[in-house]
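Working through the structure, step by step
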Amino acid sequence: MMFRLASVSVLVLAAALSLGGTWSGSAQSETLAPTPVSTQGVHAWNSPDAQITVYETPDFLISLQQTSQTLVSLMPKAAKDGFDFAPSNRFTQRLGDGAYRIGDIDLRLRVVGATDWQDYSTAFKRAPVTALKVKGALASADLTPSLGAGFPLKVTRTWAVADGKLVLRYTISNPGKTAIEIGGLGLPMVFDNIITGRHLDDAHETASFYDPYVGRDAGYLQVTRLNGAGPALLVLPEKNTPFELYKPILNERNADKSLKIYSDPEQRNMTFEGFYDWMVASKGFADTEWKGVEQWNETTSLVLKAGESRTIGVRFVLSPSIRDIEPTLIQHGRPVAVGLPGYVVPTDMDASLFIHSTSAVKSTTVYPEGALELSAAEKAKAGWVRYAVKGKTAGRARLTLTYADGTVQTVHYLVTKPEQQVVADMGHFLTTRQWYDVLNDPFHRSPSIMGYDRDKNEIITQDNRVWVAGLSDEGGAGSWLATIMKQLDNPVPAEVAKFETFADTTLWGQIQTPDGDGKYGVRKSVMFYDPSMPEGTYDPKLNWKVWSAWDREGAADLGRSYNYPHVAAAWWTLYRLGRYHSGLTQKETWQTYLTRAAETTKAMMTKAPYYTQFGQMEGDVFVYILQDLKREGFTAEATEIEAMMKGRADHWKTLKYPFGSEMPWDSTGQAEVYMWSRYFGDEKAADTTREVILAYDPTIPHWGYNGSARRFWDFLYAGKQSRIERQLHHYGSSLNAVPLFDAYRANPKDYQLLRAAYGGLMGSLTNIDSEGFGSAAFHSFPDAMHWDGMNGDYGMSFFGHAVSSASYLVDHSTFGWTGFGGNVSQSRGVITLTPRDSARTRVFIAPAGLWLTLDAGKIAAVSYDQKTGKVVLTFEPADTYTPEAWVNVTTTTADGKPYAASAPVQRGAYVVKLGANETTLELLPKAN
């Protein structure tokens, strides 16, 4: 059932919505008192363009602008709080030309045989559409008048309810005598992701993020509330509406400052990622602006012969929650793909692809040919079929499934070398190609591990964002942080020695103040701009008169708290290497390194207190430092730090959404907020944090988006191609995996947590190329589609990977036994997991709630007896620096049994002497 709320326009509802108001009531028109608001251009709030009509459908209250019949408001009834997926609060500010709304259409056309394309958009130059009377429709119109003079086709659009769901359809007809090729067909997806001007709490309650699955006929768009609450919105394709590509709607200008076509006047910046087009066809762009760039899918165009028509469209479906997205897709007959453990597939790791579809798979193809190997399909439970998947050739790979009913689905993989090899390559690259040893460096940056320009294949010694070449801030500290975090699980003596040389001379002495009143303070940058420096110090081709070219005083400032976790993590890792290995560190004792880690933590709180009101990227390292201080009996330091951190956690307890940073909204500090909340027993704050992460950390059949925590501004600060752009697998991916993994270990039934976390963990490896260069992130815009040419802040990503890399043994009720990070075999009721993750020092056995972590040593295999619960750990042989394995045993679930072993215990860990061959340790659950 659907209702139109009267034939008259609701003149002022738009103004009320623009001020955050809500509409409620039965199926009748209602007029609210007018409230003037600021408007764009010459349009006033009560102009004809501000008139709307409200409709009710089974799922939504929607409003359409009368002059264009485009969407103003999309309020799900299930939300109960007046939440709106559309940016209705900015409707009257966005009445002018170029301001996109759902219901607009972008087209690129040419006569068949012609060379040049012509561009058209209903949003570009606003003109009233011609309303049509269509039986059963909410609203219908001829859009042709709004597409400008000379438009050779006819486009009609209809809003309707079909099978109880809101549907938006377009019919494109060719009334002429010449065939027309459509090389670009975009449906603007305009949801309320505008954070500009909003407080954090308001943004989390009212704004949305959305992510694409560019899976052709099986593709969809998911729209989630920032707070992670339901309902989630799914935009699903109607027939003939493949989701081919995802094209950004930019805010570009012509030379005369007028707005370019396909651009929106809303300024894209740190508070607004921008809107996007769902591209049904995109060959007209792929052959021109994006020529030579390999897209996610093969690009296509449509040809309409004289007198021919084509109808396309999307429908709007609500999922009760983020976790219910895949069941909702199945409920609506959509083909659903679930890749386990994910879509990043190392060549030595087993993977599975589960497919649920109402139509059988007719054929499968892989591009590039041979990149993936698929087994024959086998039936699984509950209507699923399973394919075994093996990665064969490193790089991007696309699997295309064609179903018997003609539906085409693409699943996007990335194949890597074995994880340990990827990490080894990175460590070697960092300590050779990025090793900087220049005695006369004017800024005393030598020796160090500096940032790298992959396009030029040279170290970055000059950048007018001085921190990038200044060894601090995220963009400058990234390379040396990645170097030391690589040693946490995979130490190489020569690499450790080089890092210690850097730490002893440049980290301790240049980046960090070694004495005086500023002792333990961390500088914002070692490089600075000072025109009095000797001639030739600075590259004259760079503009040094910008805010980012800090002077001496600005660079020496100790007040940026975000710089401290990088340094603390370095000292903490050196402590771990010195404490749990024999002779691996040489410059200082483990006691000195642990003390420096503790003092750096305290210095952040005393010398850089302002931003400590927020969580810090890598801030979970402070939890690990505190735990080690307690374990070592450093009672005074532990007590002081715990009190400091309790003050922060108590502050966060008073906030609904404590997730800010230097940026108005951020995905940086959630891990630390979560970890301290858990540490101090504030489960409510931890749970809120977990759900917020799921809102911007999707599980999608695409390696680039799966587990890719949202970030869209850091190419400006730490990238080479500097612009606002959705970054795929920026450091937020792996950092946000840390709390999701922890939450999963507490509740192994919540599979969504594991899948999103594992996607983020593996995403951090996709940035590392075949030689070991680690890029800041992947450029997702279709004119780029490449990894950035700088390391930038990649080290923060590898921090998250290093501290959370593990193998998970899971028994799923539908998908069966699966290894996330390892390969699984079974024999007589015993399940064996062979780790293939990069660390091989951590294993979680989900059915037992058993979390096993090694401070030293490597896990070769772990077996689990389903009947008795017995666990057998098999360790790799000893090496020169690792004569013992140190094993921590924790039961993480409320109903899990504690485990014990027959081995000596030191500092809470079982100590196992390793030999020339593999060694085993048997763990048994304690009786109740």
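Scroll up for the structure.
Quick caveat: nothing in here was measured; it's all calculated off a predicted structure.

**Here's the deal with the overall build of the chain**
Scanning the chain from N- to C-terminus turns up 18 helices and 46 strands. In terms of C-alpha radius of gyration, the chain reaches 29 Å, essentially the compact-globule figure of 30 Å for 928 residues. Seen through its principal axes, the chain has C-alpha atoms that stretch 80 × 75 × 55 Å. Looking at the chain residue by residue over its 928 residues, the buried ones come to 62%. Long-range pairs, those at least 24 residues apart, make up 68% of the contacts in the chain with a sequence separation of at least 6. Of the roughly 32400 Å² of accessible surface on the chain, a fraction of 50% belongs to carbon and sulfur atoms. Each charge class in the chain can be summarised by its mean position, and for the 90 positive and 100 negative side chains these summaries are 5 Å apart.

**Observations regarding the nonpolar core**
One recurring pattern in soluble globular proteins is that nonpolar side chains are buried together. Counting 254 residues, the largest nonpolar core has Leu-74, Leu-107, Leu-185, Phe-191, Phe-316, Trp-480 and Met-485 as its most contacted members. In terms of residues, this core owes the most to one element, helix H9 (residues 564-580), which gives eleven residues. Not counting chain neighbours up to four residues away, the residues in contact with Trp-480 comprise Ile-449, Leu-471, Phe-499, Phe-502, Leu-507, Ile-511, His-566, Val-567 and Ala-570.

**Thoughts on the packing of helix H5 (residues 419-432) against helix H6 (residues 473-489)**
Here H5 crosses H6 at 130°, and the two axes come no closer than 10 Å. Looking at the two axes, H5 sits oblique to H6. Remark: the crossing between H5 and H6 carries left-handed chirality. Contacts from Val-423, Ala-424, Met-426, Gly-427, Leu-430 and Thr-431 of H5 reach H6 at Ser-479, Ala-482, Thr-483 and Lys-486. Per-class residue counts for the contact of H5 with H6 are five nonpolar, four polar and one charged.

**Regarding unusual backbone geometry**
In this structure, the amide linkage connecting Gly-230 to the following residue, Pro-231, adopts the cis form with an omega of -5°. The amide bond that connects Tyr-367 to the next residue, Pro-368, takes the cis arrangement and shows omega of -5°. Examined against the element boundaries, Pro-368 turns out to sit in the loop between strand S22 (361-367) and strand S23 (372-374). Its identity is not glycine, yet Ala-382 carries a phi of approximately 55°, on the positive side. Secondary-structure assignment places Ala-382 in the loop between strand S24 (378-379) and strand S25 (385-391).

**Remarks on helix H14 (residues 683-696)**
For H14, built from 14 residues, the straight-helix expectation of 20 Å at 1.5 Å per residue is met to within 8% by its first-to-last C-alpha distance of 21 Å. Inspection of H14 places Ala-685, Ala-686, Thr-689, Glu-691, Val-692, Ile-693, Leu-694, Ala-695 and Tyr-696 among the buried residues, and these make up the whole buried set.

**Re the sheet that holds strand S45 (residues 909-913)**
Taken in spatial order, the seven strands make up an open sheet running S35-S34-S38-S39-S42-S45-S44, and their pairing is mixed. The open sheet terminates on both sides in strands that have one partner only, identified here as strand S35 (816-820) and strand S44 (905-906). In terms of strand pairing, S44 meets S45 through two bridges, oriented antiparallel. Within the sheet, the bridge partner assigned to Val-905 lies in S45 and is Tyr-910. Across the sheet, helix H16 (residues 732-746) touches strand S34 (807-812), strand S38 (842-845) and strand S39 (850-856), and the angle it forms with S34 is around 45°.

**Focus on the packing of helix H13 (residues 670-679) against H14**
At their nearest, the axes of H13 and H14 sit 8 Å apart, and the two run at 155° to each other. Overall, the two elements H13 and H14 adopt an arrangement that is roughly antiparallel. Read as a crossing pair, H13 and H14 show a hand that is left-handed. Where H13 abuts H14, its residues Gln-670, Val-673, Tyr-674, Ser-677 and Arg-678 lie against Glu-683, Ala-685, Ala-686, Thr-689, Val-692, Ile-693 and Tyr-696. A class-by-class count of the residues in the contact of H13 with H14 yields seven nonpolar, three polar and two charged.

**Some words on the pattern of salt bridges**
Evaluated as defined, the whole model comprises 65 salt bridges. For Glu-266, the salt bridge identified is with Arg-90, shortest N-O distance 2.9 Å. With Glu-266 in the loop between strand S15 (245-249) and strand S16 (275-281) and Arg-90 in the loop between strand S4 (71-76) and strand S5 (106-111), the pair connects residues that are 176 residues apart, well separated along the chain. In this structure, Glu-244 engages Arg-216 in a salt bridge whose closest nitrogen and oxygen atoms are separated by 3.4 Å. Here Glu-244, found in the loop between strand S14 (232-237) and S15, pairs with Arg-216, found in the loop between strand S12 (208-213) and strand S13 (220-225); they are 28 residues apart in sequence, far enough to count as distant. Accessibility classification places Glu-244 together with Arg-216 in one group, the buried group. Connected through shared salt-bridge partners, Arg-323, Asp-687, Arg-690, Glu-691 and Asp-750 make up one network.

**Brief notes about the environment of Pro-534**
Within the secondary structure, Pro-534 is located in the loop between helix H7 (493-507) and helix H8 (552-556). Sequence spacing of Pro-534 and Pro-442 is 92 residues, and the spatial spacing of their C-alpha atoms is 9.0 Å.

**Regarding the side chain of Asp-788**
Considering the arrangement of structural elements, one finds Asp-788 in the loop between strand S33 (778-779) and helix H18 (794-804). There is no salt bridge for the buried Asp-788, and the closest opposite charge comes from Arg-465, which lies 7.1 Å off by N-O distance. A distance of 3.0 Å separates a polar atom in the side chain of Asp-788 from the backbone nitrogen of Gln-721.

**What about H13?**
Buried residues dominate H13, accounting for eight of its ten residues. Of the positions making up H13, those classed as buried are Gln-670, Ala-671, Glu-672, Val-673, Tyr-674, Met-675, Trp-676 and Ser-677. The secondary structure elements touched by the buried residues of H13 are helix H11 (620-632), helix H12 (635-653), H14 and H16. Looking one or two residues past H13, Gly-681 carries a phi angle of roughly 80°, positive in sign.

**Here's the deal with the side chain of Ser-352**
Considering the arrangement of structural elements, one finds Ser-352 in strand S21 (residues 351-356). Polar side-chain contacts of Ser-352 include one of 2.9 Å to the side chain of Arg-386. Filtering out sequence-adjacent residues up to four positions away, Ser-352 remains in contact with Val-338, Gly-339, Leu-340, Arg-386, Tyr-387 and Val-389.

**Side note on the sheet that holds strand S9 (residues 154-162)**
Spatial ordering of the open sheet is given by S7-S8-S9-S10-S18-S14-S13-S12, a layout of eight strands whose pairing is antiparallel. Edge positions in the sheet fall to strand S7 (130-132) and S12, since each has one partner strand and no second. If you compare each strand with its neighbour and ignore which way they point, the axes differ by 20° on average. Bridging between strand S8 (residues 137-142) and S9 involves five bridges; their strand directions are antiparallel. Bridge assignment links Ala-139 to a residue of S9, and that residue is Trp-159.

**Remarks on the environment of Tyr-100**
Structurally, the position occupied by Tyr-100 is in the loop between S4 and S5. Residues Tyr-100 and Ser-263, spaced 163 residues apart in sequence, show a C-alpha to C-alpha distance of 8.5 Å. In contact with Tyr-100, not counting residues within four places along its chain, are Arg-94, Asp-106, Ser-121, Ala-123, Arg-126, Pro-188, Val-190, Ile-249, Tyr-262, Ser-263 and Asp-264. A distance of 3.3 Å separates a polar atom in the side chain of Tyr-100 from a polar atom in the side chain of Ser-121.

Conventions and cut-offs
- Residues numbered from 1 in each chain as written.
- Predicted model: local features only at pLDDT ≥ 70, side-chain atom pairs only at ≥ 80, totals over all residues.
- Heavy atoms only, no water.
- Helix = DSSP H or I, 4+ residues; strand = E, 2+ residues; numbered from the N terminus.
- Rg over C-alpha atoms; globule rule 2.2 N^0.38 Å.
- Buried < 20%, exposed > 50% of the residue type's maximum accessible area, 1.4 Å probe, protein only.
- Contact = heavy atoms within 4.5 Å.
- Areas by Shrake-Rupley, 256 points an atom, 1.4 Å probe, with all protein chains shown as cover.
- Lys, Arg positive; Asp, Glu negative; His and termini not counted.
- Charge placed at Lys NZ, Arg CZ, Asp CG, Glu CD.
- Core = buried A, V, L, I, M, F, W, Y, C linked by side-chain atoms within 4.5 Å.
- Axes fitted to C-alpha atoms, helices over the stretch in contact; angles between N-to-C directions.
- Parallel < 35°, antiparallel > 145°, perpendicular 65-115°, else oblique.
- Left-handed = near helix turned anticlockwise from the far one by under 90°.
- Nonpolar A, V, L, I, M, F, W, Y, C, P; charged D, E, K, R; others polar.
- Expected span 1.5 Å × (residues − 1).
- Pairing = 2+ DSSP bridges.
- Salt bridge = Lys/Arg side-chain N within 4 Å of Asp/Glu carboxyl O.
- Polar contact = N/O pair within 3.5 Å; in protein donor to acceptor, adjacent residues only side chain to side chain.

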